[in-house]
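# Structure at a glance
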Amino acid sequence: MRLLRRLLRGLPRLMILTVSVEDDFHTHVIRDAAVRRGFRDFHVLECDRISGRPGLTWRSHGEASSTVLTSEGRTIPLDAVSVLWWRRMRANQQASARASTDHQQRLVDNDSRGALGGILAASFRGQWISTPEATDRAADKLYQLSVAREAGFRVPRTLVSQSRDEVVEFARTVDRVIVKPVVGATGPLMFTQYIDDPQGIPEESFSVCPAVYQEYIPGRRHVRLNCFGEQMYAALIESDRLDWRPDLNVPISRWEVPPDVGSRVVEVLRRLGLRMGAIDLKLTPGGEPVWLEVNPQGQFLFLQPLLGEPLDDHFLDFLLSCAKSGGPDR
């Protein structure tokens with residue numbers, strides 16, 4: 001509470017707007033933390049509930065501010081918003097599911113998404129967490145790998161291909177190969193898997209679409225590092241699984257981020273243009289951290305009860321502190 005008062009003292013009235021989807025767990029928890037601490041200008045724009053409610057307004061001429069409609073039905077001017085947390089954006093409209101044709105559904109979804117993105121780009125002048133352009137670019141796994149390597153991290157040897165012959169040849173250069181999607185799709189999670197005998201897999205399975213083939217990094221120590229600005233909160237997850245996400249009933253403890261690792265993480269996010277990120281590292285048997293990926297808006301609250309760390313308060317402090325920099329974040 002003292003930090004909140006200190007951050008607000010001497011500043012114009014601070015308003016936080018989160019763009020997310022209805023019933024997003026992280027959005028609700030951070031908003032509840034704001035209310036608990038006496039900060040009530042935390043609003044949510046549910047990007048999947050634009051259709052069916054007259055909630056967006058933008059004019060090319062005139063002095064009236066662009067406005068959006070919050071989840072509680074309040075119309076707010078964008079020029080009053082200090083910080084915009086770009087939490088979730090790509091979602092179809094709930095109302096479009098009732099459209100009579102697929103074309104009408106696509107029209108509602110595309111125009112709602114396009115109008116919201118355009119209005120925010122044209123009218124919002126506060127701090128983005130993080131900008132749409134940086135968020136989209138950083139979500140590219142190949143681009144972020146190259147940036148992480150340039151910033152001094154070891155990254156796994158990686159091949160993206162549709163050729164079985166190229167995958168077979170790649171497998172000869174590393175001890176073991178894993179495969180994962182380049183982007184993935186909505187629906188069931190697609191977990192990383194081993195691919196031990198690419199020669200025995202039909203060629204059509206490779207050619208149907210590109211995939212990421214990567215050097216397997218041995219070891220059982222995984223790190224999930226949440227970076228909010230320059231503040232970092234990391235967990236060591238000890239699991240024999242290739243992908244630790246399906247089973248959290250494993251030893252999980254706080255991991256003190258070494259200064260050199262922290263400085264490299266900050267540099268990667270700076271080059272990507274991100275204000276925050278959920279980073280996955282893996283420690284080799286010798287303790288070397290290997291960069292796997294960053295999610296620009298990754299999940300972090302699942303670690304709060306496991307670590308006993310108030311990540312909701314830490315993240316709210318981060319959002320509030322961003323107001324101090326002032327001016328547009330472009």
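Quick summary incoming for the structure in this document. (Residues numbered from 1 in each chain as written. Predicted model: local features only at pLDDT ≥ 70, side-chain atom pairs only at ≥ 80, totals over all residues. Heavy atoms only, no water.)

### Some details on the overall build of the protein chain
Across its full length, the protein chain holds 10 helices and 15 strands. Radius of gyration (C-alpha) of the protein chain: 22 Å, near the 20 Å computed for a compact globule of 330 residues. With the principal axes as the frame, the protein chain shows a C-alpha extent of 65 × 55 × 35 Å. Evaluated residue by residue, the protein chain yields a buried proportion of 48% over its 330 residues. Across the protein chain, the fraction of contacts at a sequence separation of at least 24, relative to all contacts at a separation of at least 6, is 71%. When the accessible area of the protein chain is evaluated, it comes to approximately 16700 Å², of which 50% is carbon and sulfur surface. Across the protein chain, 42 positive and 42 negative side-chain charges occur, with their mean positions spaced 6 Å apart. (Helix = DSSP H or I, 4+ residues; strand = E, 2+ residues; numbered from the N terminus. Rg over C-alpha atoms; globule rule 2.2 N^0.38 Å. Buried < 20%, exposed > 50% of the residue type's maximum accessible area, 1.4 Å probe, protein only. Contact = heavy atoms within 4.5 Å. Areas by Shrake-Rupley, 256 points an atom, 1.4 Å probe, with all protein chains shown as cover. Lys, Arg positive; Asp, Glu negative; His and termini not counted. Charge placed at Lys NZ, Arg CZ, Asp CG, Glu CD.)

### Here we look at the sheet that holds strand β10 (residues 211-215)
One open sheet holds the four strands; their spatial order is β7-β10-β8-β9, and the pairing between them is antiparallel. Looking at strand neighbours, the two that pair on one side only are β7 (158-161) and β9 (193-194), the edges of this open sheet. Docked against the sheet, helix α6 (residues 164-171) engages β7, β8 (177-180) and β10, running at close to 170° with respect to β7. (Pairing = 2+ DSSP bridges. Axes fitted to C-alpha atoms, helices over the stretch in contact; angles between N-to-C directions.)

### Examining the side chain of His-43
Inspection of the secondary structure puts His-43 in strand β2 (residues 42-46). In this structure the side chain of His-43 is engaged in a polar contact, spanning 3.2 Å, whose partner is the side chain of Asp-41. The residues touching His-43, leaving out its near neighbours within four places in the chain, are Met-15, Ile-16, Leu-17, Thr-18, Thr-70, Glu-72, Arg-74 and Ile-76. (Polar contact = N/O pair within 3.5 Å; in protein donor to acceptor, adjacent residues only side chain to side chain.)

### Details of the pattern of salt bridges
Enumeration according to the criterion identifies 22 salt bridges in this entry. Here Arg-254 and Glu-309 are joined by a salt bridge, their closest N and O atoms 2.8 Å apart. Placement of the pair is Arg-254 in strand β13 (residues 252-255) and Glu-309 in the loop between α9 (303-307) and α10 (311-322), with a sequence separation of 55 residues. The exposure class of Glu-309 is buried, given its relative accessible area of 13%. Salt-bridge contacts for Arg-271 lead to Glu-267; the nearest nitrogen and oxygen are separated by 2.7 Å. (Salt bridge = Lys/Arg side-chain N within 4 Å of Asp/Glu carboxyl O.)

### Some details on empty space enclosed by the protein
In the structure shown here, the tally under the stated rule is two cavities of 30 Å³ or more. Taken as a whole, the largest cavity encloses approximately 60 Å³ of empty space. In terms of lining, the largest cavity is formed by Leu-45, Glu-46, Arg-49, Ile-50, Arg-53, Gly-55, Leu-56 and Leu-69. Quantified by volume, the second largest cavity comes out at close to 50 Å³. Lining of the second largest cavity is provided by Lys-141, Leu-142, Leu-145, Lys-180, Val-212, Gln-214, Leu-292 and Glu-293. (1 Å grid on protein atoms, 1.4 Å probe; cavity = no way out; pocket = protein on both sides within 12 Å on 5 of 7 lines; lining within 4 Å. Points joined across faces, edges and corners; volume = space filled by probe spheres on them.)

These results come straight from atomic positions and should not be treated as a statement about function.
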